[in-house]
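Now for the letters of each chain:
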Amino acid sequence: MRILLTSTNEAKQKALQNIVDRFYDLAIIETISVDSGVSKTPTNDQEAIQGCWNRIDRAREIKGDYDAYVSFEGLISNHEFGMFLYGWCLFVDGTKNEYGLGASSQVMVPRFISSKISADVEFSDVVKADYPSEHLSKMPVVGSNGLFTNLHYTRVQEFEDAALCALGYLHNPANVGDQRSVPQK
Ligand SMILES: O=c1[nH]c(=O)c2ncn([C@@H]3O[C@H](COP(=O)(O)OP(=O)(O)OP(=O)(O)O)[C@@H](O)[C@H]3O)c2[nH]1
């Protein structure tokens, strides 16, 4: 089972590695860094999921056929109860031409950070500059989520959750006949 992950981000790699054995024997994960084609920090589900598809389309063009393709995309949601940070997973089964989507839990963003965030700003840059945490050096793995929760909900856990939701649905025999097909170009 050859799986192409559309990012070289450490947290995304660890998350996929941690859960993939639950669904596949002998999964080999390769990575490629590709542009998402959406904002630096997507601000809604539609945009984040579009970013996941864009990554897979680009990775597929460059690397060709794999048994599966996986994208993770982080995003913010903002409403009257504040800003939240979370992530989506898109898992495409290239052999069946079907896909699963799943999202993580959401973590509150402190107001002194959210007030500086917009779509064209890299979220992590603001956090690195302004968030007081003894764990800043661990940020590539724990993410902003990890810092905001004092390591109780890291970026690895975020993407594990999103991938489990996507793959749990995709692999459930009860859902056969109601799987979603990869859109034709
Ligand atoms: O889901 C997340 N959990 C976190 O704890 C976290 N900390 C920062 N961000 C930001 O979310 C945006 C989309 O990120 P993203 O999925 O496009 O990833 P990325 O740009 O970091 O990596 P890459 O896969 O493109 O290489 C970017 O502005 C990141 O700075 C996080 N996202």
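Keep in mind the model is a prediction, meaning the values are calculated, not measured.

A look at the packing of aromatic side chains
Consideration 1: The full count for this structure, using the stated rule, is 7 aromatic pairs.
Consideration 2: Between Tyr66 and Tyr69 the ring centres are 6.1 Å apart and the planes differ by 65°, which places this aromatic pair in the edge-to-face class.
Consideration 3: Tyr66 sits in the buried class, given a relative accessible area of 8%.
Consideration 4: Relative to Phe148, the ring of Phe123 lies with its centre 6.2 Å away and its plane at 70°, an arrangement referred to as edge-to-face. Here Phe123 is found in helix H4 (residues 123-130), whereas its partner Phe148 is found in helix H5 (residues 139-148), with 25 residues between them in sequence.
Consideration 5: In this structure Phe148 comes out as buried when scored by relative accessible area, which is 14%.

Considering the site of the ligand
Consideration 1: Close contacts around the ligand come from 20 residues, with Ser7, Lys12, Thr41, Ser124 and Glu158 the closest.
Consideration 2: Between Ser124 and the ligand, the recorded distance is 2.7 Å, taken from a side-chain N or O atom to an oxygen atom.
Consideration 3: Considering the ligand on its own, with 620 Å² of exposed area, one finds that the protein chains cover 88% of that surface.
Consideration 4: Within the residue set of the shell around the ligand, elements represented by two or more residues are strand S3 (68-79), strand S4 (82-93), H4, H5 and helix H6 (155-170).
Consideration 5: Tallied by class, the residues present in the shell around the ligand amount to 5 nonpolar, 8 polar and 7 charged.

Overview of the environment of Leu90
Consideration 1: Residue placement: Leu90 occurs in strand S4.
Consideration 2: For the pair formed by Leu90 and Ala162, sequence separation is 72 residues and the distance between their alpha carbons is 8.5 Å.
Consideration 3: Those residues within four positions of Leu90 in sequence are excluded, and the remaining contacts are Cys52, Trp53, Ile56, Tyr69, Val70, Ser71, Tyr99, Gly100 and Leu101.

Let's talk about unusual backbone geometry
Consideration 1: Positioned with a positive phi, Leu26 is a non-glycine residue whose angle comes to about 50°.
Consideration 2: As for its placement among the helices and strands, Leu26 is situated in the loop between helix H1 (10-20) and strand S2 (28-31).
Consideration 3: Phi at Leu151 takes a positive value of approximately 75°, unusual for a residue other than glycine.
Consideration 4: Given the relative accessible area of 28%, Leu151 is considered partly exposed.

Regarding the nonpolar core
Consideration 1: Core analysis: the biggest nonpolar cluster contains 21 residues, and Ile3, Leu16, Tyr24, Val70, Phe72, Cys89 and Phe91 have the highest contact counts within it.
Consideration 2: Counting only elements with at least two residues in this core, the list comes to strand S1 (2-5), H1, S3, S4 and H6.
Consideration 3: Take this core: its biggest share by element is 7 residues, from H6.
Consideration 4: Apart from the residues lying within four places of it in its own chain, the contact partners of Val70 are Ile3, Leu4, Leu5, Thr6, Leu16, Ile56, Cys89, Leu90 and Phe91.

Quick word on the confidence of the model for the chain
Consideration 1: Put simply, the chain has an average pLDDT of 96, and 100% of its residues get 70 or more.
Consideration 2: In the model output, the complex is listed with pTM 0.96 alongside ipTM 0.95.

Notes on the environment of Val182
Consideration 1: Among the structural elements, Val182 can be located in the segment after strand S7 (180-181).
Consideration 2: A relative accessible area of 10% means that Val182 is categorised as buried.
Consideration 3: Those residues in contact with Val182, other than ones at most four positions away along the chain, are Trp53, Val92, Asn97, Glu98 and Tyr99.

Rules used in this analysis
- Residues numbered from 1 in each chain as written.
- Predicted model: local features only at pLDDT ≥ 70, side-chain atom pairs only at ≥ 80, totals over all residues.
- Heavy atoms only, no water.
- Phe/Tyr/Trp six-rings, centres within 6.5 Å; stacked < 30°, edge-to-face > 60°.
- Buried < 20%, exposed > 50% of the residue type's maximum accessible area, 1.4 Å probe, protein only.
- Helix = DSSP H or I, 4+ residues; strand = E, 2+ residues; numbered from the N terminus.
- Near = heavy atom within 4 Å.
- Polar contact = N/O pair within 3.5 Å; in protein donor to acceptor, adjacent residues only side chain to side chain.
- Areas by Shrake-Rupley, 256 points an atom, 1.4 Å probe, with all protein chains shown as cover.
- Nonpolar A, V, L, I, M, F, W, Y, C, P; charged D, E, K, R; others polar.
- Contact = heavy atoms within 4.5 Å.
- Core = buried A, V, L, I, M, F, W, Y, C linked by side-chain atoms within 4.5 Å.
- pLDDT = per-residue confidence, 0-100.

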